[in-house]
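Single-letter residue listing:
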Amino acid sequence: MFRCNDAHRCDCAHRYYDAHCRNEAHRCNDPHRYDDAHCCYEAHGCNDAHPATANRSSHVIEREAIIRRSSRRVDVGGVAVGGGAPIVVQSMTNTDTADVAATVEQVRALAVAGSELVRVTVNTTEAAAAVPEIRKRLDDSGCMVPLIGDFHFNGHKLLAEHPACAEALAKFRINPGNVGKGSKRDSQFATLIELAIRHDKPVRIGVNWGSLDQALLARMMDDNARNARPAEAEAVMREALVASALESAAQAEALGLPPERIILSCKVSNVQDLIAVYSDLARRCDYALHLGLTEAGMGSKGIVASTAAMAVLLQQGIGDTLRVSLTPEPGGDRTREVIVAQELLQTMGLRSFTPMVTACPGCGRTTSSYFQELAGHIQSFLRASMPAWRERYPGVEAMHVAVMGCVVNGPGESKLANVGISLPGTGETPVAPVYVDGQKTVTLKGDRIAEEFERIVVDYVRATYGGEAKSAALVPQQKTIAVKAIESARSSSAVPR
């Protein structure tokens, strides 16, 4: 926006709005257009003589939609990746693949948790020989999740010697940094691509900072050193990551692998580097992209780092599939990475997997731990119920539940949810009003609030997503205009300016 210059400013009592004075005598006559909410002068884009601050209530803040990057669609064992398909969640086992029983058990657990693709390590003859049996046992148990083979160093030999392994896998993951050294690199890479073509399998060309093609990096470092103004070494390494992926993809296409069979990734362990690398890679190709922060770390650090990096890229529309590479605690649950990936996509509004629970963080008004316990119980209950609900109640994954701890924000947040409860804070009347789709339906009290609220949630699911009759607890006590109804009306009609 342009501003009037200093000569047109005044010291009078008239209020400025972005340095524009409301007194016409102090306005400039420049032909530039002002925002019509700020200007009172018809020639500058306003249609009436309202003051600069008039009608402020009509101003709305539009939420910018995420526009997905255009990419080629790749079929991975029946799961679409890229080309506008929903962003796919994947994970990886940490069992010895040669241990068929252990690997089948973990793949099933990951799939039940919501992983849509599962990667397994194929590093030995024994592992390669086990893959067909793993696939068979999964199929026999009704677990149809596609398996991805992770190959390093000897993938060209293992796939050639074990064609049944190649057939059982839905995709090959290869690392151009360790398919071979020197003169062997190109021939062994070509063997992998030719095997993928023979078995009609897609390939992820996955470049990693820690195993970057050293010959490529040395060449680029030498070229950079000869420049009059050399770039920083870290910048050259970022460019080498992208160059390795793109050059390998071009080589694969030259060998006959269609671009609709290629997925790229360039993983690093630093958040800012990952954002920079993928932003550049996304601009320079239309291949489907796999996102992930490699070696993200353990616990909260791994979750925060992965979320910080991938949320920025996802907001830019970058990413067709992702994995949250968490290091599990000793004896920890491997499925945690799947849940984090789902929650990342769902909180950003990109996908829905399981009903979301909103809960306040607690403060001095909520000295009891009851509301935290109820929120945790409801969240666990909803996630545990989803395998059965997903088929029986289509759309239930988008449901929103609120469990609030006091009267400050409790009623308001509860009204914004599909089903919400506002529990009493310290010193408040020991009652808990329940809101359904923005309207108060019942007030709970006593020792069985948790059980009663869970029943209301189940009743809501059955009535809303299953077409069953509403229970009494879902019927408003007094008909009012629900907050959610107002929101729906606003979103379905243009707001006058």
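Predicted, not measured: the structure shown is a model, and the values here were computed from it.

Chemist: Looking at this model, I keep getting lost on the side chain of Thr97. Mind explaining?
Modeler: Here Thr97 shows up in the loop between β5 (88-92) and α1 (100-113). In terms of polar contacts, Thr97 uses its side chain to reach the backbone carbonyl oxygen of Thr121, at 2.5 Å. Not counting residues within four places of it along the chain, the set of residues in contact with Thr97 comprises Thr103, Val120, Thr121, Ala127, Ala130, Val131 and Ile134.

Chemist: Looking at this model, I keep getting lost on the pattern of salt bridges. Mind explaining?
Modeler: For side chains of opposite charge, pairing can occur when their charged atoms come near one another. What the rule picks out here adds up to 21 salt bridges. For Arg135, the salt bridge goes to Asp139, with nearest N and O atoms at 3.0 Å. Highlighted residues: Arg135 and Asp139, both in helix α2 (residues 125-140), separated by four residues, approximately one helical turn. For Arg135, a relative accessible area of 12% corresponds to the buried category. Among the residues examined, Asp139 registers a relative accessible area of 32% and is labelled partly exposed. The partner of Arg261 in a salt bridge is Asp200, with the nearest N and O atoms 2.8 Å apart.

Chemist: Teacher, can you tell me more about the nonpolar core here?
Modeler: Nonpolar side chains in soluble globular proteins tend to end up buried together. Membership of the largest hydrophobic core comes to 82 residues, with the highest contact counts inside it found for Leu264, Leu281 and Leu322. At ten residues, the largest contribution of residues to this core is made by helix α7 (residues 233-254). Once you skip the residues sitting within four places of it in the chain, Leu264 turns out to touch Ile205, Ala245, Leu246, Ala249, Leu281, Cys285, Tyr287, Ala288, Leu289 and His290. Grouped together as the second largest cluster of nonpolar side chains are 37 residues, Phe371, Met386, Ala432 and Val458 included.

Chemist: Teacher, can you tell me more about α2 here?
Modeler: An α-helical turn contains 3.6 residues, so any two residues separated by three or four positions project in the same direction. If you check α2, its first and last C-alpha atoms are 24 Å apart, about what 16 residues at 1.5 Å a residue would give, namely 22 Å. Considering bend angle alone, the principal kink of α2 is centred on Val131 and spans about 30°; proline Pro132 follows within four residues of it. Every buried residue belonging to α2 is among Ala127, Ala128, Ala130, Val131, Ile134, Arg135 and Leu138, and all of these are buried. Summarising the contacts, the buried residues of α2 are in contact with α1, β6 (117-121), β7 (147-151), α3 (155-161) and α4 (163-168). Once α2 finishes, Gly142 follows within two positions and takes phi at roughly 85°, a positive value.

Thresholds applied
Residues numbered from 1 in each chain as written. Predicted model: local features only at pLDDT ≥ 70, side-chain atom pairs only at ≥ 80, totals over all residues. Heavy atoms only, no water. Helix = DSSP H or I, 4+ residues; strand = E, 2+ residues; numbered from the N terminus. Polar contact = N/O pair within 3.5 Å; in protein donor to acceptor, adjacent residues only side chain to side chain. Contact = heavy atoms within 4.5 Å. Salt bridge = Lys/Arg side-chain N within 4 Å of Asp/Glu carboxyl O. Buried < 20%, exposed > 50% of the residue type's maximum accessible area, 1.4 Å probe, protein only. Core = buried A, V, L, I, M, F, W, Y, C linked by side-chain atoms within 4.5 Å. Expected span 1.5 Å × (residues − 1). Bend = angle between axes of the 7 residues up to and from the residue.

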